[in-house]
Amino acid sequence: MNYEWNVSIDKAILNNAPNVNKILEDNPYIKETAKELRSKKLDVLGNIDFYIDKTEESVKRSGGNFHFAKDSSEAMEIVKGIIKNNKNIVLSKSNVLYEIKLREELSKLGKDVWETDLGEYLVQINNDMPSHLIAPAIHLSKERISKLLNENLDKSINENTSVEDMVKAVRKFLMEKYLASEVGITGANAISADTGSVLLIENEGNIRMDTVLPGIHIAITGIDKIVPTLKDAFNEVIVQASYAGFYPPTYINVTSGPSATGDIELQKVSPATGPREFHLIVIDNGRKEAINSDLRESLLCIRCGRCYFSCPAYKYYGKDFGDSPYTGPTGIMWSAVTAKKYDKSLLCMHSGGCKEVCPMDINIPEMIEKIKFRYTDK
Amino acid sequence: MDDDTLNRILKMKNMVFENLMESYLPFPIDKKYYSSWTDKLPKDGDTVIYTSYMYQISGILKRYEKLFPKISNINVPKRLMGLSKFLIKPGESEIKRSFSIMNNIVNILQKNHINFGYLYDDEPYSGAILLESGFLKEFMEYGNKLNDFFKSRGIKRIITLDPHTTNALKRLKTMINFDIDVKNYIELINFNGSGEYVIHDSCLYSRAMDMYGLIRDKINKSGIKINENYLTTSKDMGTCCGGPLSLISVNDSDEIAKLRSEKLLKINNNVLVMCPLCYQNLSPHVENIKDLAEVIS
């Protein structure tokens, strides 16, 4: 038994679960919105090629570039083609970036690549992998983090340093990286097919920097993030933030093409202050195959991460319950969909709390049961 | 998951499935002994009480689970496996307790004017272990055999006593042409009780079969007082006793049981369960633990 993990996970649950419950009680519209979102996402899954085409048209209409990648290597080739000789790259937290091993691949090419989400930055300097979809560093205690920052960032930081001062030191370091960056790479919390907009939700402000300061913004995400309309995309980010325990979210970023201005005689000119190039890469990586299988419902997941805290296997095994970045109950589904990894499903006890708290009402235990079957049907 | 674990699981699947298809039992057990808890119920009938041997053998399952890796490594011949039914038996107090629980359930059902028979040592096992391990193809194949068996005995309604059996039969309805009515005894009875407890829910009853509210309504009406805590006993946050994991790792299963027990004991020293496997998993860590059927009348 890992006592450090037990303490960390208990603290995380205590800080998060009652808070999410209160958000949902105080704002009953969110549950209704989640129901509506489920039906919209089911519509997309039933007509995925139509919605991918529609997204492509919309992105191009707004002056952006659209790319479809069937797998990780295709996605990486597209990224390399866009980045060319640019060296300084900032990243925002995204599980799809891990899925395609983006940071690893770009580092091999000698690029200066930095995670800008605080938790992801800590995971990066720890040469580690995330332990939770939206809280990647919950397995690290304050003491462990102070040691990491001391060794990797600032020798004056020690276990007596306040959390505020630790955050300040990271902020100072990252600010230099933002200002030097030539390319910002993000994921997407939702994509609207009707406008080609990418919606990103956050609290730290790093995504705002990543998407505005560099000359090139690349958003990479799975085809499962497409929803029919901009309204649905807003619904998705609000539902995701609420079920993750962040309501109201500090920032919702909407990107529809590169920066532009119409301030001189209302003539639209691009670029303006922000990026001159915007690229959206949507990746399949097993998702279409899953849509056409008995795992279709898995793709409704909006990755709020709430199911983790209701799961006895995650509480006990931590990130070993899954294949990081896809851990926890939902991670078992995503690992099956994107990597055909099925083995960790055997650790699921079908406790069922994941289903109870899922905003998309996914029958996660039954999905995992089917994944167990895939693993043991030999 | 390493190859050894997978091979062990696959051997278990094959062994359990073969046994079930041959004898309606996952492994050899002394059916006469385990069905001797009553001789007062009519044999057969269109409604039967169905134990699936769960209360009777729950005390020895852990020993089988510990034994299984050894059996799978040395390929013990079937005739020797058969001997285990005489070698692995619950202690006298364990078996008395399980017989008493089942008799109490019978009494309460009868008080609630419900009539039923019992298949005695003809009773088959439900196949729950196949379902819960993800052996879906084998579960459905055995389910068809089970369906034929029940039909051949003219059974139209089955009254189950534990969550694993109830869940297995209810899931069969969604997977094959299994149209026999399945009711769990808690659904059918009103009862009286006393005392103050924290409930450790059966995951299958409360979440998989959505009985969380029904169980609390009935217990609250009975006179039993329940202590609740959102993080430990709510439908959202309550978690498993670790039991189902024991086929993969007995040690991890026990660690999870210990962690679960610590959380429950912070709320009340008296823990109430509704599943024989939850009882087995938690009882090493909880001194005052009772099955619902031990505290109601």
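Residues numbered from 1 in each chain as written. Chains lettered and ligands numbered in written order. Predicted model: local features only at pLDDT ≥ 70, side-chain atom pairs only at ≥ 80, totals over all residues.

A. Representation of the overall build of chain B within the structure. Scanning chain B from N- to C-terminus turns up 15 helices and 8 strands. Here the C-alpha atoms of chain B give a radius of gyration of 19 Å, agreeing with the 19 Å that 2.2 N^0.38 yields for 297 residues. Judged by the C-alpha coordinates and their principal axes, chain B covers about 50 × 45 × 40 Å. Relative to its full complement of 297 residues, chain B shows a buried share of 43%. The contacts in chain B between residues at least 6 apart in sequence include a share of 78% that link residues at least 24 apart. (Helix = DSSP H or I, 4+ residues; strand = E, 2+ residues; numbered from the N terminus. Rg over C-alpha atoms; globule rule 2.2 N^0.38 Å. Buried ≥ 20, exposed ≤ 12 C-beta atoms within 10 Å, placed from the backbone. Contact = placed C-beta atoms within 7 Å.)

B. Seen up close, the interface of chain A and chain B. Across the contact, 28 residues belong to chain A and 29 residues belong to chain B. Looking at the side of chain A that touches chain B, the elements with two or more residues in it are α1 (3-26), α13 (312-317), α15 (353-357) and α16 (364-376) of chain A. Broken down by element, the side of chain A that touches chain B gets its largest block of residues, 5 residues, from α16(A). Per-class residue counts for the side of chain A that touches chain B are 12 nonpolar, 7 polar and 9 charged. (Nonpolar A, V, L, I, M, F, W, Y, C, P; charged D, E, K, R; others polar.)

C. Region of the structure containing α1(A). End to end, α1(A) covers 35 Å across 24 residues, agreeing with the expected 34 Å (1.5 Å per residue, within 8%). Of all the bends found along α1(A), the most pronounced is centred on A:Ile13 and spans about 25°. Among all positions in α1(A), only A:Ser8, A:Ile9, A:Asn16, A:Ala17 and A:Val20 are buried. Where α1(A) is buried, its residues contact α11 (230-244) and α13 of chain A together with α12 (230-233) of chain B. (Expected span 1.5 Å × (residues − 1). Bend = angle between axes of the 7 residues up to and from the residue.)

D. Layout of the sheet that holds strand β3 (residues 157-160) of chain B. Residue and element names in this part refer to chain B. The strand order across the open sheet built from 4 strands is β2-β1-β3-β4, with neighbouring strands paired in parallel fashion. Because the sheet does not close on itself, it has two edges, and the strands there are β2 (117-118) and β4 (181-184). Pairing of β3 with β4 involves 4 bridges; the strand directions are parallel. Its bridge partner lying in β4, Thr 160 is registered against Asn 184. (Pairing = 2+ DSSP bridges.)

E. A look at the packing of helix α14 (residues 328-339) of chain A against α16(A). All names here are of chain A. Relative orientation of the contacting elements α14 and α16 amounts to 40°, with a least axis distance of 10 Å. What the angle tells us is that α14 and α16 run oblique. Seen along the crossing, α14 lies across α16 with a hand that is left-handed. Two secondary-structure elements touch here, α14 through Pro 329, Thr 330, Ile 332, Met 333 and Ala 336 and α16 through Ile 364, Met 367, Ile 368 and Ile 371. When the residues that make up the contact of α14 with α16 are grouped by side-chain class, the tally is 8 nonpolar, 1 polar and no charged. (Axes fitted to C-alpha atoms, helices over the stretch in contact; angles between N-to-C directions. Parallel < 35°, antiparallel > 145°, perpendicular 65-115°, else oblique. Left-handed = near helix turned anticlockwise from the far one by under 90°.)

F. How the structure looks around the domain arrangement of chain B. All names here are of chain B. Parsing chain B into structural domains produces domain 1 (3-187) and domain 2 (192-295). Between the C-alpha centres of domain 1 and domain 2 there is a distance of 22 Å. Each side of the interface is counted separately: domain 1 has 23 residues, and domain 2 has 22 residues. Contributions of two or more residues to the side of domain 1 that touches domain 2 are made by α1 (3-23), α3 (54-74), α5 (92-111), α8 (163-175) and α9 (185-188). The element best represented in the side of domain 1 that touches domain 2 is α3, accounting for 8 residues. Counted by class, the side of domain 1 that touches domain 2 contains 8 nonpolar, 8 polar and 7 charged residues. (Domains from an automatic or database assignment.)

G. Expanded view of the pairing of β3(B). All names here are of chain B. Of the pairings in the sheet, the one linking strand β1 (residues 47-50) to β3 comprises 4 bridges and is parallel in character. Along β3, the bridge assignment pairs Val 48 with Ile 158. In this fold, β3 hands off to α8, which returns the chain to β4; that crossover is right-handed. (Right-handed = clockwise from strand over helix to strand, strands pointing away.)

H. Just the confidence of the model for chain B, in detail. On average, residues of chain B carry a pLDDT of 93, and 91% of them reach 70 or more. Our summary of model confidence lists the complex with pTM equal to 0.94 and ipTM equal to 0.93. (pLDDT = per-residue confidence, 0-100.)

I. Geometry of the domain arrangement of chain A. Residues and elements named next belong to chain A. Split by domain assignment, chain A resolves into domain 1 (29-285) and domain 2 (289-376). Distance from the C-alpha centre of domain 1 to the C-alpha centre of domain 2: 23 Å. With 24 residues of domain 1 at the interface, the matching set in domain 2 holds 21 residues. Elements represented by at least two residues in the side of domain 1 that touches domain 2 include exactly α2 (29-46), α5 (95-99) and α11. Residue composition of the side of domain 1 that touches domain 2, grouped by class: 13 nonpolar, 6 polar and 5 charged.

J. Up close: unusual backbone geometry. Residues and elements named next belong to chain A. Cis geometry marks the peptide bond from Tyr 247 to Pro 248; its omega dihedral reads -5°. Looking along the chain, the bond that leaves Ser 324 and enters Pro 325 is cis, with omega of 10°. Topologically, Pro 325 is positioned in the loop between β11 (322-323) and β12 (326-327). Positive phi values are uncommon outside glycine, yet Lys 84 reaches one of about 50°. By secondary structure assignment, the location of Lys 84 is in the loop between α4 (72-83) and β2 (88-91).

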